[in-house]
Protein chains: 2
Amino acid sequence: MSRTKRPINIRDVARAAGVSTMTVSRVINNPAVVAPLTRERVQQVIDELKYTPSSVARSLRSSRTYTIGLITVDFADHFFANLSVGAELEARRRGFRVMLSSTERNPNNEREFVTLLAEQRVDGILLARDAIQVPRDPLTDPLPVDVPIVSTGFFRPELALCSVDIDNVDGGRLATDHLLDHGHRRIAILTGPVDHKAAVDRLEGYQLALSRAGIKLDPHLIVHAHGRQPDDGYMAMNELIQREVNFSAVFVYSDALAIGAMRSLRRAGLRIPDDVSIVAYDNIDFAAFTDPPLTTVQQPIQELGALATRILIEYIETGERPVPITILRCFLVERGSVKSRPPE
Amino acid sequence: MSRTKRPINIRDVARAAGVSTMTVSRVINNPAVVAPLTRERVQQVIDELKYTPSSVARSLRSSRTYTIGLITVDFADHFFANLSVGAELEARRRGFRVMLSSTERNPNNEREFVTLLAEQRVDGILLARDAIQVPRDPLTDPLPVDVPIVSTGFFRPELALCSVDIDNVDGGRLATDHLLDHGHRRIAILTGPVDHKAAVDRLEGYQLALSRAGIKLDPHLIVHAHGRQPDDGYMAMNELIQREVNFSAVFVYSDALAIGAMRSLRRAGLRIPDDVSIVAYDNIDFAAFTDPPLTTVQQPIQELGALATRILIEYIETGERPVPITILRCFLVERGSVKSRPPE
DNA sequence: TACTAAACTGCTAACGATAACATTTACTTA
DNA sequence: TAAGTAAATGTTATCGTTAGCAGTTTAGTA
């Protein structure tokens, strides 16, 4: 059966071409030093036998795998899916392959994966997280291997890890400033789960913008969703409405939550953007198709994946630990969910 | 620097424990045959030195990599992202790793990737496509390597490839029957791009259901979207409306297209579901949050990924080519976009 | 003609792990 | 006590490739 068929190796080629394996190897890796006639003959045999050099053997010899491990929380998620696309593209462009691992949002898996990838002798690891997840203290209990690691989605400069990240504080500020610029003063925030780094950061940006504008923070205007689904946004907005505090605008953590939040507002008889303006976050495909279309903050996610990969590969190639912090800025996509509040 | 640090190998452990490499190997792979005292001592050294056996060396020795290659069209896409999640989970459960490659919807990349993965000596390949893409005739020009391959999203029993797929013909039938059951007779279809296998299949299911119900096909009721984005659905629906044919229901190829299509209908003054009922496809997160919430056909995508992977791994382990066709059924998720048409 | 440099090509060992076989040790049994 | 046996451990060779050096041929030079 086909399963007993052993792949063609360099010796088969050498034998068939009547040369040594070394010559075959040279034809592949350094053809210039081989006599043209020999080179041609060997190349022909290679083509005929469909010989592909084993990167397993090469890796063993060279202790380089040209593979990076990508550890991700859940790559069906919009953020991580796009991050992965950016990473894979950049890796491929630079001659690297990507090995996949999804922790399924269980931070304990992370450590196990790092070990697994180390076993695979990947040249480096890209760690993409979203949660403030410190199952153990990463400072006193460092990751178990000595492989170049670049981390993303978890901006913590105090960690030894090199981080590349999106500036969610600034994203939150951007969204809030946009609402302030439109005359809003009572601005609520519907942010993400408390254990999400990005949720905390965006909240911080919101607070920053308000304090810069000289507006006192009202804790009644802050609400956390318990999850990432539209339903969670729906419930969080219900809670905000029940508090019966006055607000003319909301900054919502994500488009997904915003979709639920809008439904809740509408159910409460509030019109968007006439009664309540909304700025959301992510600019998913459907943000342009809500009613009204969402004004939203867009993150350069693919670019983040590509940049992190580029930095990781440079780390691998040079051996020099890169600058620990690199930050990408978000930008605003204006659509129809924000309306100016007339000065009273 | 850390990059000069060579990973600990089995010989380091052997030396430190005062045994031969073989004993260390046995402690790892077959501890029962090692004397308890020796075993403990070796294990301790392993832990101390943080030794992880090199799977590169193991693979060379055993000619098994326990890695499968996943070739996907674009894994930020809802379908392929979920497929990948299912595949990765199942692979991991069975002790396999997944190597990623995205063709970026360029079918010519596929062949290149197969070669690349063969070079990596992956144990098998999972080929996930969506288009009717025959850059060359796959029958006369088979894939360049002799590795177990299972294909998905491209159900073509006549190919030598083993296919696992979702029954999109039945899905189309299911959607159409649902509308028929609600009394609709003039049912339009807004299907996907003509080069998408699934678009063709769902159209076929639509035709099947109508002909079974004894309804003559009206080509004016069939429209193809040019892409997969909501905008494409918007434009396709505009086209359908411009034709000024009478219809009381539409089966739309995907939720994404449906979102655009609904906007177009609304712009034309048509109410959903009062004037036009809609059945869509995919059940993406936001399908429950459109207005009205979409009745839609759901595909068991993760299950597909998992099943394809299971079949692939069994193929790898046993060497027996699996049955060429395995099919998964869709099911209907009823929400608010379908209304019964009163008998006239 | 003899000698040297240049151009090719080949040999050997090593990367890290382990299967197959070989050896050592401890203990049983006639 | 010698022979035999089972348990524990070691030795050797191998997977496919390539760096480093050695060897061979050819052409060029004195």
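Residues numbered from 1 in each chain as written. Chains lettered and ligands numbered in written order. Predicted model: local features only at pLDDT ≥ 70, side-chain atom pairs only at ≥ 80, totals over all residues. Heavy atoms only, no water.

Student: Is there a simple way to think about the domain arrangement of chain A in this case?
Tutor: When the parts of a complex come together, some accessible area is lost, and that lost area is often used as the size of the interface. Residues and elements named next belong to chain A. Per the domain assignment, the segments of chain A are domain 1 (2-53), domain 2 (63-167 + 301-328) and domain 3 (168-299). Averaged C-alpha coordinates put domain 2 and domain 3 at centres separated by 30 Å. Counting from both sides, the interface comprises 13 residues of domain 2 and, opposite them, 15 residues of domain 3. A buried area of about 1100 Å², summed over both sides, lies between domain 2 and domain 3, and 51% of it is on carbon and sulfur atoms. At the junction of domain 2 with domain 3, the criterion picks out one salt bridge. One salt bridge connects D77 with R228, and the closest N-O pair in it is separated by 2.6 Å. Residues belonging to the side of domain 2 that touches domain 3 are distributed by class as follows: seven nonpolar, two polar and four charged. (Domains from an automatic or database assignment. Contact = heavy atoms within 4.5 Å. Buried area = accessible area lost by both parts, 1.4 Å probe. Salt bridge = Lys/Arg side-chain N within 4 Å of Asp/Glu carboxyl O. Nonpolar A, V, L, I, M, F, W, Y, C, P; charged D, E, K, R; others polar.)

Student: Would you explain the protein's contact with DNA strand C in this entry?
Tutor: Near DNA strand C you find 23 residues, and of these T23 and T38 of chain A together with I10, Y51 and R61 of chain B are the closest. Among all atoms of DNA strand C positioned within 4 Å of the protein, those belonging to sugar or phosphate total 61%. Within the contact set of DNA strand C, a phosphate oxygen lies 2.5 Å away from a side-chain nitrogen or oxygen of Y51 of chain B. Put simply, the parts of the chain that give the surface near DNA strand C at least two residues each are α2 (21-29) and α4 (55-62) of chain A together with α1 (10-17), α2 (21-29) and α4 (55-62) of chain B. Sorting elements by how many residues they give to the surface near DNA strand C places α2 of chain B first, with four residues. (Near = heavy atom within 4 Å. Polar contact = N/O pair within 3.5 Å; in protein donor to acceptor, adjacent residues only side chain to side chain. Helix = DSSP H or I, 4+ residues; strand = E, 2+ residues; numbered from the N terminus.)

Student: Please explain the protein's contact with DNA strand D as it appears in this structure.
Tutor: As a structural note, the neighbourhood of DNA strand D is formed by 24 residues, with I10, Y51 and R61 of chain A together with T23 and T38 of chain B the closest of them. The protein-proximal atoms of DNA strand D, defined as those within 4 Å of the protein, are 62% sugar or phosphate. The separation between a phosphate oxygen of DNA strand D and a polar main-chain atom of I10 of chain A is 2.4 Å. Within the side chain of R26 of chain B, a nitrogen or oxygen atom sits 2.8 Å from a base nitrogen of DNA strand D. Mapped onto the surface near DNA strand D, the elements with two or more residues apiece are α1 (10-17), α2 and α4 of chain A together with α2 and α4 of chain B. For the surface near DNA strand D, the element with the highest residue contribution is α2 of chain A, accounting for four residues. Of the residues assigned to the surface near DNA strand D, the class counts are 11 nonpolar, eight polar and five charged.

Student: Please clarify how the relation of the copies chain A and chain B should be interpreted in this entry.
Tutor: Two copies of the chain are present, and they differ by a rotation about an axis and a shift along that axis. When chain A is brought onto chain B, the operation consists of a screw motion whose angular component is 180° and whose axial shift is 0.0 Å, with 0.1 Å RMSD remaining. Look at the turn and shift together and you get a two-fold axis relating the two. Every residue of chain A has its C-alpha some distance from the rotation axis, and the shortest such distance is that of M99 of chain A, at 2.3 Å. A high fraction, 100%, of the interface residues of chain A reappear at the interface in chain B, so the copies pair face to face through one surface. (Least-squares fit on C-alpha atoms with pLDDT ≥ 70 in both.)

Student: Hey, could you run me through the interface of chain A and chain B in this one?
Tutor: Listed by partner, the interface residues are 60 residues for chain A and 61 residues for chain B. Roughly 5200 Å² of surface becomes buried between chain A and chain B when both sides are summed, with 60% attributable to carbon and sulfur atoms. Looking at the side of chain A facing chain B, the largest losses of area belong to R121, F286 and F289 of chain A, adding up to 13% of the total buried there. Taken together, the connections running from chain A to chain B amount to two salt bridges. We note a salt bridge from R92 of chain B to E104 of chain A, for which the minimum N-O separation is 3.3 Å. Between the two partners, chain A and chain B, sit 16 residue pairs in polar contact (both at pLDDT 80 or more).

Student: Explanation requested: the pairing of strand β1 (residues 67-72) of chain A in the structure shown.
Tutor: The side chains of a regular strand alternate, first on one face of the sheet and then on the other. Residues and elements named next belong to chain A. Within β1, six of the six residues are buried, which leaves the element mostly enclosed by the surrounding structure. Neither face of β1 is exposed, since T67, G69 and I71 on one face and I68, L70 and T72 on the opposite face are all buried. One ladder, built from six bridges, connects β1 with strand β2 (residues 97-102); its direction is parallel. Looking at β2, one finds that T72 is bridged to S102. (Buried < 20%, exposed > 50% of the residue type's maximum accessible area, 1.4 Å probe, protein only. Pairing = 2+ DSSP bridges.)

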